[in-house]
Amino acid sequence: MTASPQPDQAYDADRPNTFAQIIGNDGVVRRVTAMLARNRLPNVVFFSGPTGSGKTTMARIVARSKLCKNRQVGQHEPCGTCQNCTKVLNDKTCDIVEY
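This structure is a prediction, so every number in the text was calculated from the model and none was measured. (Residues numbered from 1 in each chain as written. Predicted model: local features only at pLDDT ≥ 70, side-chain atom pairs only at ≥ 80, totals over all residues. Heavy atoms only, no water.)

Engineer: What am I meant to see in helix 3 (residues 55–67) here?
Structural biologist: Working note: α-helix, 3.6 residues per turn, so residues spaced by three or four point in the same direction. When the terminal C-alpha atoms of helix 3 are compared, their 18 Å separation across 13 residues agrees well with the 18 Å that a helix rising 1.5 Å per residue should span. The set of residues buried in helix 3 consists of Thr 57, Met 58, Arg 60, Ile 61, Val 62, Ala 63, Arg 64 and Ser 65. Elements that come into contact with the buried residues of helix 3 comprise helix 2 (26–37) and helix 4 (83–89). (Helix = DSSP H or I, 4+ residues; strand = E, 2+ residues; numbered from the N terminus. Expected span 1.5 Å × (residues − 1). Buried < 20%, exposed > 50% of the residue type's maximum accessible area, 1.4 Å probe, protein only. Contact = heavy atoms within 4.5 Å.)

The structure is reproduced here in structure tokens:
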């Protein structure tokens, strides 16, 4: 008998990992990536919308990008390879709390 995946693991398997992979939220992606590229992201960002609209996905990518050690000014995508990016991808950081 095989163990079934936890509910959040099923979602994480298909979750986009970069802004370029996000589909359907062009306006939000454009605004957030512009703020990140200029290093002008506010301390608090609220994402709202119906279930399945990408709020958690967007928040996780924003957090990775903000915490990324290799991201330079003018860039918005997280590198995905530094220690911070790896910890966020593997849910091994206390810097991100999901409610």
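Engineer: Honestly, the pattern of salt bridges in this entry has me stumped. Any pointers?
Structural biologist: Close approach of charged atoms allows side chains with opposite charge to pair. Applying the stated criterion to the full structure yields one salt bridge. Here Arg 60 makes a salt bridge to Asp 91, at a shortest N to O gap of 3.2 Å. Pair noted here: Arg 60 is in helix 3 and Asp 91 is in the segment after helix 4, with a separation of 31 residues, a long-range link. (Salt bridge = Lys/Arg side-chain N within 4 Å of Asp/Glu carboxyl O.)

Engineer: Explanation requested: the state of the cysteines in the structure shown.
Structural biologist: Put plainly, two cysteines are in a disulfide when a covalent bond ties their sulfur atoms together. Inspection of the entire model under this criterion finds zero disulfides. Looking at Cys 85, it has no disulfide partner, and the nearest cysteine sulfur is the one in Cys 82, 3.6 Å off. (Disulfide = S-S within 2.5 Å.)

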